[in-house]
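Geometric and topological summary
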Amino acid sequence: MMTVNEVSQLTGVSIRALHYYDQIGLLPAAGHTDSGYRLYDDAALERLQQILLFRELEFPLRDIREILQNSTFDREKALEQQIELLTLKKQHIEDLIALAEKTKTTGGTIMDFTAFDTQKIKDYAAQAKQQWGATPEYKEYEEKTARKTEKEISDMGGQLMEIIAAFGTMQTMDPAAPEVQAQVKKLQDFISAHYYTCSKMILNQLGQMYAAGGAFTENINAAGGPGTAEFAQEAIEVYCS
């Protein structure tokens, strides 16, 4: 059995994130010490590895939880598909590196854009996600973005980040202040309009994810300033309570 601190050091996952994974039922602790500290066994570590692989493939935590809880989930089949998808991404990166090196060597512009084509990756990912079992929210997201261009989806993501980053300018206020709570409502409405129906339960889960550490937290704090992700989570928690 390993303590939460030992698991964090072994995997690079923050203690805070491990606590959150336990709270939402994604990675329950295998036991607790007499002092109440979480303990993890080999089965928990295997599950964490599976979680991290899905995270590398950019799956939301709520989708990962539903996939792993699905009685039809086939771990070996999932690993095969994950390996294939990661291999496709590896090849994509190698193609981009080769193009950049060729451009540098020739000193000019190479009129070859095939290295930027990610359609094969997208097609395989969509097929794999369908087999793993998409959530209603993911299906709704697919329907809402089906006719959108890559630029429109990218712009949509930029607008969402702007809404979240705005919490950074409000950190001197009380998270329960009307202006702050109005910003939370704006966030919820934007997600519902452009992604999927964002209930308070889902919104609260998103808030926890924003502040759980890792890429989400880093990106939000880079856009809104240090502490933005954590403040946004506090404001969302007030709104959802």
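We now turn to the structure provided with this report. Numbering of residues begins from 1 in every chain and follows the order in which that chain's sequence is written. It should be noted that, the model being predicted, local features are given only for residues of pLDDT at least 70 and side-chain atom pairs only at 80 or more, the latter also being counted only at that level, while totals for whole chains, interfaces and linings use all residues. The basis for every side-chain value is the complete set of non-hydrogen atoms in the structure, without hydrogens or water.

**Overview of the state of the cysteines**
What we call a disulfide is simply a covalent bond connecting the sulfur atoms of a pair of cysteines. Sulfur atoms of two cysteines make up a disulfide when they are within 2.5 Å. Evaluation of the coordinates by the stated rule reveals zero disulfides. C198 takes part in no disulfide bond, and the closest cysteine sulfur to it belongs to C240, at a distance of 7.7 Å. The buried label applies to any residue whose accessible area, calculated with a 1.4 Å probe on protein chains only, is under 20% of its type's maximum; exposed applies above 50%, and partly exposed to all values in between. For C198, a relative accessible area of 3% corresponds to the buried category.

**Some thoughts on the packing of aromatic side chains**
Planes of paired rings set the category: under 30 degrees apart is stacked, over 60 is edge-to-face and the rest tilted, where pairs are Phe, Tyr or Trp rings (Trp by its six-membered ring) whose centres lie within 6.5 Å. Scanning the entire structure with this criterion turns up one aromatic pair. Relative to Y195, the ring of F190 lies with its centre 6.4 Å away and its plane at 50°, an arrangement referred to as tilted. The exposure classification of F190 matches that of Y195, with both residues buried. K200 extends its terminal NZ or CZ atom over the ring of Y239, reaching a point 5.1 Å from the ring centre. Over a ring means this: the NZ of a Lys or the CZ of an Arg is within 6 Å of the ring centre and within 35 degrees of the ring normal.

**Description of the packing of helix α10 (residues 200-210) against helix α12 (residues 228-240)**
The contact between α10 and α12 brings their axes to 8 Å, and the two run at 160°. Relative to α12, α10 is oriented roughly antiparallel. Note that α10 runs across α12; the crossing there is left-handed. Taking contact as the criterion, the partners of K200, L203, N204, G207, Q208 and Y210 in α10 are, on α12, A229, Q233, I236, E237, Y239 and C240. Classes in brief: Ala, Val, Leu, Ile, Met, Phe, Trp, Tyr, Cys and Pro nonpolar; Asp, Glu, Lys and Arg charged; the others, Gly included, polar. Considering only residue class, the contact of α10 with α12 consists of six nonpolar, four polar and two charged. In this analysis, axes come from line fits to C-alpha atoms, helices being fitted only over the stretch in contact, and the angle between any two N-to-C directions falls in the range 0 to 180 degrees. In this text, helices come from DSSP runs of H or I with a minimum length of four residues, and strands from runs of E with a minimum of two, each type numbered from the N-terminal end. If an angle is under 35 degrees, it is roughly parallel; if it is over 145, roughly antiparallel; if it lies from 65 to 115, roughly perpendicular; otherwise it is oblique. The handedness criterion is simple: a crossing whose near helix is rotated anticlockwise from the far helix by less than a right angle is left-handed, and one whose near helix is rotated clockwise is right-handed. Whether two residues are in contact is decided by their heavy atoms, any of which lying within 4.5 Å being enough.

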